[in-house]
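Chain residues, written in single-letter form:
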Amino acid sequence: LVTSAGTFYYITQKDRHPGVQLPHDPSKKTLVILGSGWGATSLLKSIDTEAFNVTVISPKNFFLFTPLLPSVAVGTVAGRSIIQPTRFITRHKKRRVAVVEAEAEEIDPFAKTVTFTDTSAVKGEVATKTINYDYLVCAVGAETQTFNIPGIQEHAVFMKELNDAIKFQDRVIDCIETAAFPGQTEEEIRRLLHVVVVGGGPTGVEVSGELHDFLHDDLSNWYPELAPKMRITLIEALPSVLPMFSKELIAYTESTFKQEKINIMTNTMVKEVRDKSVLVRTPDGKDDEVPCGLLVWAGGNKPRKLTTDLMGKLGKEKQNNKRGLVADDHLIVAGAPDNSIYALGDCASTPYAPTAQVASQQGAYLARVFNKLGKRDLLATELDTVKGELEKMKAESGVDFEKDPELKNKVTVAERAVEDMGKVRPFHYSHQGSLAYIGSDKAIADINFWQRKFASAGVMTYVFWRSAYLSTLFSLRNRTLVATDWLKVKLFGR
Ligand code: NAD
């Protein structure tokens, strides 16, 4: 035990105090990375920064492990356990990485500049700046799709950022405490205790499942007379929830939700969100007003303004997909000059679903691309130096290397090596499967293993879900914190 604790302590302390970094070097190319989510962080983790001056620009100065966000919303896991400050990652790099907490507002793909603004509450004298780049990686993700449905922005809670999960937690407790206020009518209590989740994708399903656990494990003890009156309704416009999962897993989720008393309304379209209710179009085409205390909106993704603006500048001919930036199989954005812009993750319209898994594999791929480009640039610089020396020799002593077949051959071989170094294989996605938590210590998983598909569900899948998430967390610190949170909930509740 003492040896393990000692080793653990040694690793954590080594991690906390990394060595001195090289400064930015004006002779190196500038790589600007926009974003600090799955794509950007996975790129940052594996890139060798020696060959570039890297700058990261993101409105959040941390990475958020989004799969556990619904767990934060109900207090199973603390918010700080699933964030990893971007500087924790960049300070381990050979060359210093500049991290700027700001929102990129404009990209000029032809002048190769990016303009960003400090959006934090505290403002200094300088709040907007424009910098040049040689390469730009656009990993800005997406925002929640609302289809301009009235009332969503004003009345709904989203489930995308850390603040959304915290807002959800506060609102759930507010609804229950207000319902507990003396003299509240029965009808008002029923309204306040009705949580509506819109969107039967994995986000909506996981929020519903986690909320059920919170209600069942904790709230029923704290508010014994109110808990039985609490209702959860999941609304989905399509005929079924979780269309990306196999049929048997959809059926398993539906039957588990039935046991958990989560009401699923499929073929039901939300048309308007009001202060105390939601207006829906029912399967028989009628409009119905459903009273509720809290509404969570998990209606999917749409591109951010920065992405659509950039697409506009690059031209409709090349950028013709509404989902996001059109990029080729090397993740190079169509229409950008000199292959200078790359796009990955949810802001790109590649043939893959907008998932964390895709973005992180694309980030790791781009790291390999840049590591190769860096080596190529280094080799090209060395070759230029040699060529310069040979030219100097020619001027001084009249020895022309072009006339020396052996020397000429050596230069040609080196030139080809530089060219080859720049060639990289296209991105290949390897789908590991899909996982989702559905409440009551049960999870569902469509797993690809040895090119075979497996569908699994239940408590063992939940154990698998936990270990899979624990191992995909980015750092030892995150893993330790999340595991401790799970233990704390088992011992003391939420
Ligand atoms: P989604 O796009 O998967 O689902 C949104 C759902 O909302 C859709 O089914 C849509 O029909 C429904 N909807 C939209 N407008 C509606 C309306 N007006 N009324 C009723 N229903 C409406 O969104 P998501 O769940 O946020 O997921 C986004 C992406 O992230 C997906 O690619 C998903 O696979 C991925 N993701 C995966 C996991 C996981 O694997 N565990 C977890 C979260 C997200």
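This one's a predicted model, so the numbers in the text were calculated from it and none came from an experiment.

Visitor: Tell me what's going on with the overall build of the protein, and back it up with residues and numbers.
Guide: Across its full length, the protein holds 14 helices and 23 strands. Taken along its principal axes, the extent of the C-alpha atoms in the protein is 100 × 65 × 55 Å. Within the span of the protein, comprising 494 residues, buried residues form 45% of the whole. Counting contacts in the protein only where the partners sit at least 6 residues apart, residues at least 24 apart contribute 66% of the total. Accessible surface for the protein amounts to roughly 25400 Å². Of this, 56% is attributable to carbon and sulfur atoms.

Visitor: Talk me through the nonpolar core; I want residue IDs and the actual numbers.
Guide: For soluble globular proteins, nonpolar side chains are generally found buried alongside one another. I82 and F168 are the most contacted members of the largest nonpolar core, which totals 61 residues. Considering each element in turn, this core owes the most residues, seven residues, to helix α6 (residues 162-179). Split by domain, the residues of this core number at least three in each of domain 1 (17-144 + 302-377) and domain 2 (152-299). Sequence-distant contacts of F168, that is, excluding residues within four places in its chain, are made with A73, V74, V157, M159, V207, L211, L294 and V296.

Visitor: Could you give me a rundown of the pattern of salt bridges, with the residues and numbers involved?
Guide: Pairs can form between side chains of opposite charge once their charged atoms are near each other. Summed over all chains, the structure comprises 21 salt bridges. A salt bridge links K94 to D48, with the shortest nitrogen-to-oxygen separation between them at 3.6 Å. Note that K94 is positioned in the loop between α4 (86-90) and β5 (97-101) and D48 in the loop between α2 (38-46) and β2 (52-58), a separation of 46 residues in sequence. Classification of K94 as partly exposed rests on a relative accessible area of 46%. Salt-bridge contacts for R191 lead to E188; the nearest nitrogen and oxygen are separated by 2.9 Å. Taken as a pair, R191 and E188 lie in helix α7 (residues 186-192) at a separation of three residues, close to a single helical turn. Residue class for R191 comes out buried when judged on its relative accessible area of 12%. Looking at E188, the relative accessible area reads 23%, which means it is partly exposed. Residues participating in the shared-partner salt-bridge network are K29, R376 and D377.

Visitor: Describe the site of the ligand, and please don't skip the residues or the numbers.
Guide: The local shell around the ligand holds 24 residues, among which T203, E236, A237, V270 and L435 are the closest. Within the contact set of the ligand, an oxygen atom lies 2.6 Å away from a side-chain nitrogen or oxygen of E236. Here a nitrogen atom of the ligand sits 2.9 Å away from a polar atom, N or O, in the main chain of V270. If the ligand stood free it would expose 840 Å²; the protein chains cover 80% of that surface.

Visitor: Describe the packing of aromatic side chains, with residues and values.
Guide: Under the criterion given, the structure shown has 18 aromatic pairs. Between the aromatic rings of W38 and F65, the centroid separation amounts to 5.4 Å while the plane-to-plane angle is 55°, which identifies the pairing as tilted. Note that W38 is positioned in helix α2 and F65 in the loop between β3 (62-64) and α3 (69-73), a separation of 27 residues in sequence. The pair formed by W38 and F65 is uniform in burial state, with each residue classed as buried. An aromatic cluster is built from W38, F63, F65, Y437, Y462, W465, Y469, F474 and W486, whose rings are joined through pairwise contacts. Over the ring of F88 we find R91, and its NZ or CZ is 4.7 Å from the ring centre.

Visitor: Can you lay out the sheet that holds strand β6 (residues 103-108) for me, pointing to particular residues and giving the numbers?
Guide: In space, the three strands of this open sheet follow the order β6-β7-β8, with antiparallel pairing throughout. At either margin of the open sheet sits one strand with a lone partner, and together these are β6 and β8 (128-132). Adjacent strand axes in the sheet meet at a mean angle of 20°, parallel and antiparallel pairs treated alike. The pairing of β6 with strand β7 (residues 113-117) spans five bridges and is classified as antiparallel. When the sheet's bridge partners are listed, D108 is paired in β7 with T113.

Visitor: A description of the side chain of T86 should follow, citing residues and the corresponding values.
Guide: Inspection of the secondary structure assignment puts T86 in helix α4. Dropping the residues within four chain positions of it, T86 is found in contact with S36, L44, V56, N61, F62, F63 and V99.

Visitor: A description of the sheet that holds strand β18 (residues 294-297) should follow, citing residues and the corresponding values.
Guide: By definition, the strands of a sheet pair up through backbone hydrogen bonds, in either a parallel or an antiparallel sense. A sheet is described by the order of its strands in space; here five strands give the open sequence β11-β18-β12-β13-β14, paired in parallel fashion. Since the sheet does not close on itself, it has two edges, and those belong to β11 (157-158) and β14 (262-265), each with one partner. Relative to β14, strand β13 (residues 231-235) runs parallel, the two sharing four bridges. Within the sheet, the bridge partner assigned to I235 lies in β14 and is M265. The strands that helix α8 (residues 202-222) touches are β12 (194-198), β13, β14 and β18; relative to β13, the one it contacts most, it runs at about 170°.

Visitor: Can you break down helix α12 (residues 405-421) residue by residue, with the values?
Guide: A rise of 1.5 Å per residue sets the reference length of α12, with its 17 residues, at 24 Å; its end C-alpha atoms lie 24 Å apart and thus fit the reference within 8%. Among the residues of α12, the N-terminal cap falls to D404, whose side-chain oxygen and the backbone nitrogen of E406 are separated by 3.0 Å.

Visitor: Residues and numbers for helix α11 (residues 356-397), please.
Guide: Spanning 42 residues, α11 covers 61 Å between terminal C-alpha atoms, matching the ideal 62 Å at 1.5 Å per step. Where α11 terminates, the next one or two residues include G398, which has phi positive at roughly 75°.

Visitor: Lay out the domain arrangement of the protein in plain terms, naming residues and giving numbers.
Guide: Here the protein is described as being made up of domain 1 (17-144 + 302-377) and domain 2 (152-299). Inter-centroid distance (C-alpha atoms) of domain 1 to domain 2 is 34 Å. Together domain 1 and domain 2 conceal approximately 1400 Å² of surface at their shared face, both sides included; 65% is due to carbon and sulfur atoms. For domain 1, the biggest contributors to the area lost against domain 2 are A73, V74 and T144; these three give 41% of the whole. Note that E161 and K60 form a salt bridge whose closest N and O atoms lie 3.2 Å from each other. Linking domain 1 to domain 2 there are three residue pairs in polar contact (both at pLDDT 80 or more). If one sorts the elements of the side of domain 1 that touches domain 2 by residue count, α3 sits on top with five residues.

Rules used in this analysis
Residues numbered from 1 in each chain as written. Predicted model: local features only at pLDDT ≥ 70, side-chain atom pairs only at ≥ 80, totals over all residues. Heavy atoms only, no water. Helix = DSSP H or I, 4+ residues; strand = E, 2+ residues; numbered from the N terminus. Buried < 20%, exposed > 50% of the residue type's maximum accessible area, 1.4 Å probe, protein only. Contact = heavy atoms within 4.5 Å. Areas by Shrake-Rupley, 256 points an atom, 1.4 Å probe, with all protein chains shown as cover. Core = buried A, V, L, I, M, F, W, Y, C linked by side-chain atoms within 4.5 Å. Domains from an automatic or database assignment. Salt bridge = Lys/Arg side-chain N within 4 Å of Asp/Glu carboxyl O. Near = heavy atom within 4 Å. Polar contact = N/O pair within 3.5 Å; in protein donor to acceptor, adjacent residues only side chain to side chain. Phe/Tyr/Trp six-rings, centres within 6.5 Å; stacked < 30°, edge-to-face > 60°. Lys NZ or Arg CZ within 6 Å of the ring centre and 35° of its normal. Pairing = 2+ DSSP bridges. Axes fitted to C-alpha atoms, helices over the stretch in contact; angles between N-to-C directions. Expected span 1.5 Å × (residues − 1). Buried area = accessible area lost by both parts, 1.4 Å probe.

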